[in-house]
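Next come the chains, spelled out residue by residue.
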Amino acid sequence: MTPGNYLKTSWKYLRRQKLYTGLNIAGLAAAMACALIIFLFVQHDWSYDRFHKDAARIFRLAVSMKMDIGEKGYSMVPSDIGLLVMDDMSGVEDVTRVSDRSSPSQVVWKGRTYQVKGLDVDPNFLKFFDFPLLSGSRATALNLPDEILLTETLARRLFGEASPVGAVLTAPGGGSFRVTGILKDVPDNSHMQFEFLTSSPSLRDLGRSREKFDLVQTYIRLRRGTSPAAVESQFPTFLKRHTGEASAKRNRYFLQPLTSIHLASHLFGELDVNSDRR
(Lines give C-alpha, C1' and ligand atoms only; values in the text may rest on other atoms or scores of the structure.)
Protein backbone atom coordinates (compact mmCIF):
# COMPACT_ATOMS: atom_id res chain seq x y z
CA MET A 1 0.00 0.00 0.00
CA THR A 2 1.36 3.40 -0.95
CA PRO A 3 1.68 6.32 1.54
CA GLY A 4 -1.20 8.02 -0.25
CA ASN A 5 -3.45 5.02 0.38
CA TYR A 6 -2.50 4.98 4.05
CA LEU A 7 -3.53 8.62 4.34
CA LYS A 8 -6.85 8.01 2.58
CA THR A 9 -7.64 5.03 4.78
CA SER A 10 -6.73 6.95 7.93
CA TRP A 11 -8.81 9.93 6.86
CA LYS A 12 -11.86 7.72 6.21
CA TYR A 13 -11.47 6.11 9.63
CA LEU A 14 -11.19 9.45 11.37
CA ARG A 15 -14.29 10.74 9.62
CA ARG A 16 -16.29 7.69 10.72
CA GLN A 17 -15.10 8.11 14.34
CA LYS A 18 -15.73 11.85 14.70
CA LEU A 19 -16.39 11.89 18.44
CA TYR A 20 -13.39 9.71 19.23
CA THR A 21 -11.18 11.76 16.92
CA GLY A 22 -12.42 15.06 18.37
CA LEU A 23 -11.74 13.92 21.94
CA ASN A 24 -8.22 12.80 21.06
CA ILE A 25 -7.38 16.01 19.24
CA ALA A 26 -8.81 18.11 22.08
CA GLY A 27 -6.85 16.11 24.65
CA LEU A 28 -3.64 16.44 22.67
CA ALA A 29 -4.16 20.19 22.25
CA ALA A 30 -4.87 20.62 25.98
CA ALA A 31 -1.78 18.61 26.92
CA MET A 32 0.41 20.67 24.58
CA ALA A 33 -1.03 23.92 25.94
CA CYS A 34 -0.41 22.83 29.55
CA ALA A 35 3.13 21.77 28.70
CA LEU A 36 3.79 25.13 27.03
CA ILE A 37 2.39 27.06 30.01
CA ILE A 38 4.51 25.04 32.45
CA PHE A 39 7.60 25.55 30.28
CA LEU A 40 7.05 29.32 30.11
CA PHE A 41 6.41 29.50 33.87
CA VAL A 42 9.59 27.55 34.69
CA GLN A 43 11.61 29.56 32.16
CA HIS A 44 10.36 32.82 33.70
CA ASP A 45 11.18 31.75 37.26
CA TRP A 46 14.60 30.48 36.18
CA SER A 47 15.40 33.82 34.52
CA TYR A 48 15.18 35.85 37.75
CA ASP A 49 18.03 38.33 38.22
CA ARG A 50 20.09 36.86 35.35
CA PHE A 51 19.89 40.13 33.38
CA HIS A 52 22.57 41.69 35.62
CA LYS A 53 25.91 41.30 33.83
CA ASP A 54 27.76 40.36 37.03
CA ALA A 55 24.98 38.09 38.32
CA ALA A 56 27.30 35.09 38.59
CA ARG A 57 29.60 37.00 40.97
CA ILE A 58 26.93 38.65 43.14
CA PHE A 59 25.77 37.01 46.37
CA ARG A 60 23.51 38.08 49.20
CA LEU A 61 24.87 37.74 52.70
CA ALA A 62 22.48 35.86 55.00
CA VAL A 63 22.68 34.50 58.53
CA SER A 64 21.36 31.50 60.40
CA MET A 65 20.94 32.27 64.11
CA LYS A 66 20.76 29.68 66.88
CA MET A 67 17.91 30.44 69.24
CA ASP A 68 16.15 28.65 72.09
CA ILE A 69 13.45 27.53 69.65
CA GLY A 70 15.98 26.34 67.07
CA GLU A 71 17.74 27.94 64.12
CA LYS A 72 16.17 30.78 62.17
CA GLY A 73 17.44 32.16 58.89
CA TYR A 74 17.51 35.88 58.07
CA SER A 75 18.04 37.57 54.71
CA MET A 76 19.09 40.73 56.60
CA VAL A 77 22.30 41.25 58.53
CA PRO A 78 23.52 44.12 60.75
CA SER A 79 24.41 47.10 58.58
CA ASP A 80 27.99 47.30 59.80
CA ILE A 81 28.81 43.76 58.70
CA GLY A 82 28.92 44.67 55.01
CA LEU A 83 31.35 47.51 55.66
CA LEU A 84 33.58 45.25 57.74
CA VAL A 85 33.49 42.50 55.11
CA MET A 86 34.66 44.97 52.49
CA ASP A 87 37.57 46.08 54.65
CA ASP A 88 38.59 42.79 56.19
CA MET A 89 37.89 39.80 53.92
CA SER A 90 39.86 38.62 50.91
CA GLY A 91 38.15 37.80 47.63
CA VAL A 92 35.52 40.54 48.02
CA GLU A 93 35.48 43.16 45.28
CA ASP A 94 32.63 45.36 46.53
CA VAL A 95 29.62 45.49 48.85
CA THR A 96 26.31 47.33 48.59
CA ARG A 97 23.38 47.53 51.01
CA VAL A 98 19.65 47.83 50.50
CA SER A 99 16.89 48.68 52.96
CA ASP A 100 13.13 48.77 52.51
CA ARG A 101 12.69 49.90 56.11
CA SER A 102 14.20 53.39 55.97
CA SER A 103 12.74 54.59 52.67
CA PRO A 104 9.46 56.58 52.69
CA SER A 105 6.27 54.69 51.88
CA GLN A 106 4.61 57.95 50.86
CA VAL A 107 5.76 61.00 48.91
CA VAL A 108 4.12 64.38 48.51
CA TRP A 109 4.05 66.39 45.30
CA LYS A 110 2.00 69.58 44.88
CA GLY A 111 -0.05 68.88 47.98
CA ARG A 112 -1.00 65.33 46.99
CA THR A 113 0.22 62.29 48.90
CA TYR A 114 1.10 59.14 46.93
CA GLN A 115 1.57 55.62 48.25
CA VAL A 116 4.84 54.29 46.84
CA LYS A 117 7.23 51.39 47.24
CA GLY A 118 10.90 52.19 47.34
CA LEU A 119 14.33 51.10 48.49
CA ASP A 120 17.03 53.01 50.30
CA VAL A 121 20.39 52.09 48.78
CA ASP A 122 24.09 52.77 48.99
CA PRO A 123 25.53 55.14 46.33
CA ASN A 124 27.19 52.25 44.45
CA PHE A 125 23.90 50.36 43.94
CA LEU A 126 23.76 51.07 40.19
CA LYS A 127 27.34 49.83 39.83
CA PHE A 128 26.17 46.47 41.15
CA PHE A 129 22.85 46.05 39.41
CA ASP A 130 21.99 46.76 35.77
CA PHE A 131 18.61 48.44 36.11
CA PRO A 132 18.46 50.65 32.99
CA LEU A 133 18.53 54.41 33.53
CA LEU A 134 16.49 56.42 31.02
CA SER A 135 17.76 59.82 32.19
CA GLY A 136 20.41 60.95 34.64
CA SER A 137 23.91 59.66 35.31
CA ARG A 138 24.56 56.14 36.64
CA ALA A 139 27.84 57.36 38.11
CA THR A 140 26.41 60.27 40.14
CA ALA A 141 22.61 59.88 40.40
CA LEU A 142 22.73 58.62 44.01
CA ASN A 143 26.03 60.12 45.17
CA LEU A 144 24.57 62.80 47.45
CA PRO A 145 22.23 62.32 50.42
CA ASP A 146 18.48 62.67 49.77
CA GLU A 147 18.58 62.02 46.04
CA ILE A 148 15.88 59.93 44.41
CA LEU A 149 15.46 58.01 41.17
CA LEU A 150 11.92 57.33 39.95
CA THR A 151 10.77 54.53 37.69
CA GLU A 152 9.15 55.73 34.47
CA THR A 153 5.68 54.67 35.62
CA LEU A 154 5.96 56.56 38.91
CA ALA A 155 7.43 59.60 37.13
CA ARG A 156 4.46 59.64 34.75
CA ARG A 157 2.04 59.17 37.64
CA LEU A 158 3.42 62.19 39.50
CA PHE A 159 4.54 64.47 36.68
CA GLY A 160 2.67 63.40 33.58
CA GLU A 161 4.81 64.01 30.49
CA ALA A 162 6.90 66.74 32.16
CA SER A 163 10.47 65.99 33.15
CA PRO A 164 10.77 65.38 36.92
CA VAL A 165 14.55 65.87 37.04
CA GLY A 166 15.39 68.58 39.55
CA ALA A 167 11.98 68.48 41.27
CA VAL A 168 11.90 68.04 45.05
CA LEU A 169 9.56 65.50 46.63
CA THR A 170 8.78 65.49 50.33
CA ALA A 171 7.84 62.75 52.77
CA PRO A 172 4.92 63.23 55.20
CA GLY A 173 7.15 62.43 58.16
CA GLY A 174 9.77 64.97 57.12
CA GLY A 175 12.62 65.02 54.67
CA SER A 176 12.89 65.95 51.03
CA PHE A 177 14.34 64.22 47.99
CA ARG A 178 15.65 65.76 44.77
CA VAL A 179 14.87 63.80 41.61
CA THR A 180 18.09 63.04 39.71
CA GLY A 181 16.86 60.68 37.01
CA ILE A 182 14.36 58.16 35.69
CA LEU A 183 14.76 54.40 35.73
CA LYS A 184 13.14 52.03 33.31
CA ASP A 185 10.41 50.06 35.08
CA VAL A 186 11.84 47.15 37.05
CA PRO A 187 11.59 43.83 35.15
CA ASP A 188 9.14 41.45 36.76
CA ASN A 189 11.88 38.80 36.89
CA SER A 190 13.77 40.74 39.55
CA HIS A 191 13.58 39.69 43.21
CA MET A 192 13.77 43.43 44.04
CA GLN A 193 10.62 45.32 43.12
CA PHE A 194 10.50 49.08 43.64
CA GLU A 195 9.13 52.34 42.26
CA PHE A 196 12.01 54.50 43.38
CA LEU A 197 15.52 54.42 44.85
CA THR A 198 16.77 56.86 47.45
CA SER A 199 20.17 57.69 48.90
CA SER A 200 19.11 58.92 52.30
CA PRO A 201 21.47 59.73 55.18
CA SER A 202 19.73 57.11 57.33
CA LEU A 203 21.36 54.23 55.45
CA ARG A 204 24.66 56.05 54.93
CA ASP A 205 25.03 56.56 58.67
CA LEU A 206 24.15 52.98 59.56
CA GLY A 207 27.05 50.75 60.43
CA ARG A 208 29.51 53.52 61.13
CA SER A 209 29.47 52.37 64.75
CA ARG A 210 28.05 49.44 66.73
CA GLU A 211 25.75 51.92 68.50
CA LYS A 212 23.94 52.89 65.31
CA PHE A 213 22.93 50.06 63.02
CA ASP A 214 19.93 48.33 61.53
CA LEU A 215 19.27 45.13 59.64
CA VAL A 216 19.74 45.48 55.88
CA GLN A 217 20.03 43.35 52.76
CA THR A 218 23.75 43.11 51.98
CA TYR A 219 25.07 42.10 48.56
CA ILE A 220 28.65 41.09 47.89
CA ARG A 221 30.42 40.99 44.54
CA LEU A 222 33.30 38.55 44.54
CA ARG A 223 36.54 39.07 42.68
CA ARG A 224 36.86 37.06 39.48
CA GLY A 225 38.10 33.57 40.23
CA THR A 226 37.00 33.66 43.88
CA SER A 227 34.67 30.88 45.01
CA PRO A 228 31.88 31.60 47.52
CA ALA A 229 33.20 28.75 49.68
CA ALA A 230 36.55 30.55 49.99
CA VAL A 231 34.78 33.63 51.35
CA GLU A 232 32.41 31.70 53.62
CA SER A 233 35.36 29.89 55.21
CA GLN A 234 36.60 33.24 56.56
CA PHE A 235 33.44 34.05 58.51
CA PRO A 236 34.13 32.12 61.76
CA THR A 237 37.40 33.99 62.34
CA PHE A 238 35.90 37.24 61.04
CA LEU A 239 32.98 37.02 63.49
CA LYS A 240 35.18 36.19 66.47
CA ARG A 241 37.31 39.23 65.72
CA HIS A 242 34.45 41.69 65.20
CA THR A 243 31.50 40.37 67.22
CA GLY A 244 33.02 38.14 69.88
CA GLU A 245 33.25 34.42 70.62
CA ALA A 246 29.64 33.99 71.76
CA SER A 247 28.22 35.66 68.65
CA ALA A 248 30.49 33.62 66.38
CA LYS A 249 29.16 30.40 67.90
CA ARG A 250 25.55 31.52 67.66
CA ASN A 251 25.57 32.92 64.12
CA ARG A 252 26.45 31.19 60.86
CA TYR A 253 26.89 33.55 57.93
CA PHE A 254 26.55 32.23 54.37
CA LEU A 255 26.31 33.49 50.79
CA GLN A 256 23.24 33.10 48.56
CA PRO A 257 23.78 33.29 44.78
CA LEU A 258 21.79 36.22 43.41
CA THR A 259 20.20 34.01 40.76
CA SER A 260 18.92 31.50 43.34
CA ILE A 261 17.14 33.93 45.67
CA HIS A 262 13.75 33.89 43.95
CA LEU A 263 13.54 30.10 43.68
CA ALA A 264 15.39 28.92 46.76
CA SER A 265 15.31 31.54 49.51
CA HIS A 266 12.54 31.72 52.09
CA LEU A 267 14.25 33.50 54.96
CA PHE A 268 12.82 36.01 57.39
CA GLY A 269 13.01 39.54 55.99
CA GLU A 270 12.84 38.75 52.26
CA LEU A 271 12.17 41.80 50.08
CA ASP A 272 9.25 39.98 48.46
CA VAL A 273 7.50 36.61 48.46
CA ASN A 274 9.66 34.17 46.52
CA SER A 275 8.72 31.17 44.43
CA ASP A 276 9.61 27.56 45.22
CA ARG A 277 11.59 25.28 42.92
CA ARG A 278 9.80 22.27 44.41
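Computed from a predicted model, the values in this text were never measured in an experiment. (Residues numbered from 1 in each chain as written. Predicted model: local features only at pLDDT ≥ 70, side-chain atom pairs only at ≥ 80, totals over all residues. Heavy atoms only, no water.)

A. View of the overall build of the chain. Within the chain, the regular secondary structure consists of 10 helices and 14 strands. A total of 278 residues make up the chain; the buried ones form 42% of that total. Sequence separation of 24 or more characterises 72% of the internal contacts of the chain that already satisfy a separation of 6 or more. Summed over all atoms, the accessible surface of the chain reaches about 15,000 Å², with 58% contributed by carbon and sulfur. (Helix = DSSP H or I, 4+ residues; strand = E, 2+ residues; numbered from the N terminus. Buried < 20%, exposed > 50% of the residue type's maximum accessible area, 1.4 Å probe, protein only. Contact = heavy atoms within 4.5 Å. Areas by Shrake-Rupley, 256 points an atom, 1.4 Å probe, with all protein chains shown as cover.)

B. Representation of unusual backbone geometry in the model. A positive phi angle, close to 65 degrees, is found at Asp49, a residue other than glycine. With respect to the element layout, Asp49 can be found in the loop between α2 (18-46) and β1 (58-67).

C. Layout of the pairing of strand β9 (residues 147-151). Judged by how many residues are buried, β9 sits mostly within the fold: 5 of 5 residues are covered. The side-chain alternation of β9 yields two buried faces, one formed by Glu147, Leu149 and Thr151 and the other by Ile148 and Leu150. Taken together, the 5 bridges between β9 and strand β11 (residues 176-183) define a ladder with parallel strand orientation. Paired with Leu150 across the bridge in β11 is Ile182. The pairing of β9 with strand β12 (residues 196-199) spans 4 bridges and is classified as antiparallel. Within β12, the position partnered with Ile148 by the bridge is Thr198. (Pairing = 2+ DSSP bridges.)

D. Broad picture of the packing of aromatic side chains. The final tally for this structure, using the stated rule, is 11 aromatic pairs. Judged by centre distance (5.0 Å) and plane angle (45 degrees), the ring pair of Phe125 and Phe129 falls under tilted. Arranged with centres 5.8 Å apart and planes meeting at 45 degrees, the rings of Phe128 and Phe129 form a pair that is tilted. Grouped by ring-pair contacts, the aromatic residues Phe51, Phe125, Phe128, Phe129, Phe131, Phe194 and Tyr219 constitute a single cluster. Over the aromatic face of Phe128 sits the side chain of Arg221, whose NZ or CZ is 4.6 Å from the ring centroid. (Phe/Tyr/Trp six-rings, centres within 6.5 Å; stacked < 30°, edge-to-face > 60°. Lys NZ or Arg CZ within 6 Å of the ring centre and 35° of its normal.)

E. Representation of the pattern of salt bridges. By the definition in use, this model includes 11 salt bridges. Note that Lys53 and Asp130 form a salt bridge whose closest N and O atoms lie 3.5 Å from each other. Of the two residues, Lys53 sits in the loop between α2 and β1 while Asp130 sits in the loop between α4 (125-128) and β8 (133-135), which places them 77 residues apart along the sequence. Lys53 gets classed as exposed once you look at its relative accessible area, which sits at 64%. Linking Arg241 and Asp88 is a salt bridge whose minimum nitrogen-to-oxygen distance equals 2.7 Å. Linking Arg241 in helix α8 (residues 235-243) with Asp88 in helix α3 (residues 79-88), this pair joins segments that are 153 residues apart in sequence. Taken together, the shared-partner salt bridges connect Asp54, Arg57, Glu93, Asp94 and Arg221 into one network. (Salt bridge = Lys/Arg side-chain N within 4 Å of Asp/Glu carboxyl O.)

F. Structural view of the layout of surface pockets. Here the largest pocket defines a volume of roughly 170 Å³. Considering the residues around the largest pocket, the lining is formed by 15 residues, among which Met65, Pro78, Leu215, Asn251 and Tyr253 are closest to the centre. Going through the elements one at a time, β1, β3 (77-78), α8, α9 (245-250) and β14 (251-257) are the ones with two or more residues in the lining of the largest pocket. Partitioning the lining of the largest pocket into residue classes produces 10 nonpolar, 3 polar and 2 charged. (1 Å grid on protein atoms, 1.4 Å probe; cavity = no way out; pocket = protein on both sides within 12 Å on 5 of 7 lines; lining within 4 Å. Points joined across faces, edges and corners; volume = space filled by probe spheres on them. Nonpolar A, V, L, I, M, F, W, Y, C, P; charged D, E, K, R; others polar.)

G. View of helix α5 (residues 152-159). For α5, the full list of buried residues reads Leu154, Ala155, Leu158 and Phe159. The arc that holds the buried residues of α5, viewed along the axis, is 105 degrees, so those residues lie on one side. In the core, the buried residues of α5 are packed alongside β5 (106-109), β6 (112-115), β9, β10 (168-170), β11 and β12. Immediately beyond the C-terminal end of α5, within one or two residues, lies Gly160, with a positive phi of roughly 65 degrees. (Arc of directions from axis to C-beta.)

H. Up close: the environment of Met86. Locating Met86 in the fold gives a position in helix α3. Through-space distance from the C-alpha of Met86 to that of Arg221 is 9.9 Å; in sequence the pair is 135 residues apart. What Met86 contacts, discounting residues up to four positions off in sequence, is Val92, Glu93, Asp94 and Val95.

I. Region of interest: empty space enclosed by the protein. All told, the structure shown has 1 cavity of 30 Å³ or more when counted by the stated rule. Considering only enclosed or pocket space, the largest cavity measures out at about 40 Å³ in volume. Looking at the largest cavity, the residues that line it are Asp100, Lys117, Leu119, His191, Met192, Gln193 and Leu271. Here the lining of the largest cavity is built from residues that sort into 3 nonpolar, 2 polar and 2 charged.

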